[in-house]
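Residues per chain, in single letters:
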Amino acid sequence: MSLNIKTINLYRLNMNLRNPFVTSFGTVQAKDFFIVEVIDAADNRGYGESVAFNTPWYTAETVETTKHVLRDFLIPIIQTATINHPSEVTDLFATIKQHHMAKAALESAIWDVYAKQSKLPLYQLLGGKRSKIDVGVSLGMEENFADLLDKIEQYNTQGYKRIKLKIMPGHDVEILQQVRNKFPKIDIIVDANGSYKLSDLETLKQLDQFELMMIEQPLAEDALLDHATLQKALQTPICLDESIHSLADVQIAMHLGSCRIINIKQARVGGITEAIKIHDYCLEHDIPVWCGGMLESGIGRAHNIALSTLSNFTIPGDIAGSSHYFTEDIITPEVVVEDGVITLPDAPGIGYEINQAALDKYTVEKETFHT
Ligand code: OSB
Ligand code: MG
């Protein structure tokens, strides 16, 4: 039976983060993004979120490219297609190259509406067997180092299972030395967002002394060969984030020895179907994975939470509670983290209701498409 999608709504939202999020590539404060709403003939509503920023500093996509590709290419494909299962959507989009974040926003909404039609929680439909996931938090850089130490203390006390810290050249060894002096035992990931070069090898080697869980994306997005050289010189496992756009990228990285761990962001790999393929491949090849984040609102977060119930997500993801990011989220209930654990809601689909008043309040543009 076909999904029978009748309407697609594209909402553009502006939501401010409670705190500016500072990384080596820039600062995010005002979030400008899209929510895709897919409505079927029985008025089931599925939701997805686009995660690209206004500037192409994380990867190449932006809010404007997302809008262009959704309106002019991806939505028209869905308007004329007959879809029997959400896993068909990736193939339907194959004539459109890259633009994975735009694809994922629509694909994940179609998974949600299908789960609602099937009256199943999305995580169960995806094959998740556990209803609780362990989570960690990703902390941006702070101008004042004492503030960073306070935040680490605060999130550690709240029970987050591990802390991720952003590093960049000139903002690394000394900072980690002080963090380790104060917190000798906590689990730490560092994320460079591609800010180092292989010529920084001597600095990167010094990070081995801090017994980090991993170094995330030390080198540039396309530097798979250099990552392989670096991994051979380091004890600390490398995890790739920006470099991984597909299962094929994972296969190349593993063939070269570019990393030992994969950060899966469904939005970066074009949606849930590709994310599951990567998960399954990594499970088969003994490569641990974890779920990354893009400072999403509750809708994108709910998809990340559902995906994280799959068995090879053995490392806590970057999935903090709603209140870490926003004063008010657009879902209800909001995402709550208790002792570093999120309990999955058991309602059909993403399992969280839309907070319609909040969605309306943050919407600055809305466009409707019919099939
Ligand atoms: O590199 O993982 C990253 C946020 C925006 C863009 C890239 C990254 C991040 C984070 C925060 O580290 C993850 C989150 O809390 O959503
Ligand atoms: Mg990262």
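Residues numbered from 1 in each chain as written. Chains lettered and ligands numbered in written order. Predicted model: local features only at pLDDT ≥ 70, side-chain atom pairs only at ≥ 80, totals over all residues. Heavy atoms only, no water.

**Details of the overall build of the chain**
And step 1. Within the chain, the secondary structure is distributed over 13 helices and 15 strands.
And step 2. Taking 2.2 N^0.38 as the reference for a compact globule, 371 residues should give roughly 21 Å; the C-alpha atoms of the chain span a radius of gyration of 20 Å, in line with that estimate.
And step 3. Here the C-alpha coordinates of the chain stretch approximately 60 × 40 × 35 Å along the principal axes.
And step 4. Going through the 371 residues of the chain one by one, you find that 59% of them count as buried.
And step 5. Put simply, the chain has 32 plus and 49 minus side-chain charges, and the middle of one group is 2 Å from the middle of the other. (Helix = DSSP H or I, 4+ residues; strand = E, 2+ residues; numbered from the N terminus. Rg over C-alpha atoms; globule rule 2.2 N^0.38 Å. Buried < 20%, exposed > 50% of the residue type's maximum accessible area, 1.4 Å probe, protein only. Lys, Arg positive; Asp, Glu negative; His and termini not counted. Charge placed at Lys NZ, Arg CZ, Asp CG, Glu CD.)

**Side note on the sheet that holds strand 3 (residues 45–49)**
And step 1. Strand order across the open sheet formed by four strands is 3-2-1-15, with antiparallel pairing between neighbours. Single-partner strands in this sheet number two, and they are strand 3 and strand 15 (363–370). Neighbour-to-neighbour, the strand axes of this sheet turn through a mean angle of 20 degrees, independent of strand direction.
And step 2. Sheet topology note: the strand 1 (residues 5–23)/strand 2 (residues 26–40) ladder contains 14 bridges and is antiparallel. Along strand 2, the bridge assignment pairs Y11 with I35.
And step 3. Sheet contacts for helix 3 (residues 100–117): strand 1, strand 2 and strand 3; angle to strand 3, the most-contacted strand, approximately 150 degrees. (Pairing = 2+ DSSP bridges. Axes fitted to C-alpha atoms, helices over the stretch in contact; angles between N-to-C directions. Contact = heavy atoms within 4.5 Å.)

**Focus on the coordination of the magnesium ion (ligand 2)**
And step 1. Protein coordination at the magnesium ion (ligand 2): the donors are D191 (OD), E216 (OE) and D241 (OD), at 2.1 to 2.3 Å from the metal.
And step 2. The motif formed by the donor residues of the magnesium ion (ligand 2), counted along the single chain, is D-x24-E-x24-D. Of this pair, D191 sits in strand 6 (residues 188–191) while E216 is found in strand 7 (residues 214–216), placing the two residues 25 residues apart along the sequence.
And step 3. Given a relative accessible area of 1%, D191 falls into the buried group.
And step 4. Overall, the relative accessible area of 0% leaves E216 in the buried class. (Donors = N, O, S within 2.8 Å, 3.2 Å for Na, K, Ca; no water.)

**Remarks on the pairing of strand 5 (residues 163–166)**
And step 1. Residue alternation in strand 5 divides its side chains into two sets, I163 and L165 and K164 and K166, and both sets are buried.
And step 2. Handedness of the β-α-β unit built from strand 5, helix 6 (residues 173–182) and strand 6 comes out right-handed. (Right-handed = clockwise from strand over helix to strand, strands pointing away.)

**Here's the deal with helix 10 (residues 272–284)**
One turn of an α-helix holds 3.6 residues; hence residues three or four places apart share an orientation.
And step 1. If you check helix 10, its first and last C-alpha atoms are 18 Å apart, about what 13 residues at 1.5 Å a residue would give, namely 18 Å.
And step 2. Positive backbone phi, approximately 60 degrees, marks D286, located one or two places after helix 10. (Expected span 1.5 Å × (residues − 1).)

**Points about the site of ligand 1**
And step 1. Taken together, 17 residues surround ligand 1, and among them S138, D191, N193, L295 and Y325 come closest.
And step 2. Measuring from an oxygen atom of ligand 1, one finds a side-chain N or O atom of K265 at 3.0 Å.
And step 3. The separation between an oxygen atom of ligand 1 and a polar main-chain atom of M294 is 3.3 Å.
And step 4. In the complex, the protein chains occlude 100% of the 390 Å² of accessible area that ligand 1 would expose alone.
And step 5. Tallied by class, the residues present in the shell around ligand 1 amount to seven nonpolar, three polar and seven charged. (Near = heavy atom within 4 Å. Polar contact = N/O pair within 3.5 Å; in protein donor to acceptor, adjacent residues only side chain to side chain. Areas by Shrake-Rupley, 256 points an atom, 1.4 Å probe, with all protein chains shown as cover. Nonpolar A, V, L, I, M, F, W, Y, C, P; charged D, E, K, R; others polar.)

**Comments concerning the packing of aromatic side chains**
And step 1. Overall, the coordinates contain four aromatic pairs when judged by the stated rule.
And step 2. Where Y155 meets Y160, the ring centres are 5.3 Å apart and the plane angle is 70 degrees; that geometry is what we call edge-to-face.
And step 3. Where Y325 meets F326, the ring centres are 6.1 Å apart and the plane angle is 35 degrees; that geometry is what we call tilted. For the pair formed by Y325 and F326, the shared burial category is buried.
And step 4. The structure contains a cluster of three or more aromatic residues connected by ring pairs, namely F25, W57 and Y58.
And step 5. Between K31 and the ring centre of F33, over which it is positioned, the NZ or CZ distance is 5.0 Å. (Phe/Tyr/Trp six-rings, centres within 6.5 Å; stacked < 30°, edge-to-face > 60°. Lys NZ or Arg CZ within 6 Å of the ring centre and 35° of its normal.)

**Structural notes on helix 6**
And step 1. Looking only at helix 6, the buried set comprises V173, I175, L176, V179 and R180. Viewed end-on, helix 6 has its buried residues packed into an arc of 160 degrees, placing them on one side of the element. Residues of helix 6 that are exposed and point over 90 degrees away from its buried face: E174 and N181.
And step 2. On its buried face, helix 6 sits against helix 5 (145–158), strand 5, strand 6 and helix 7 (201–206). (Arc of directions from axis to C-beta.)

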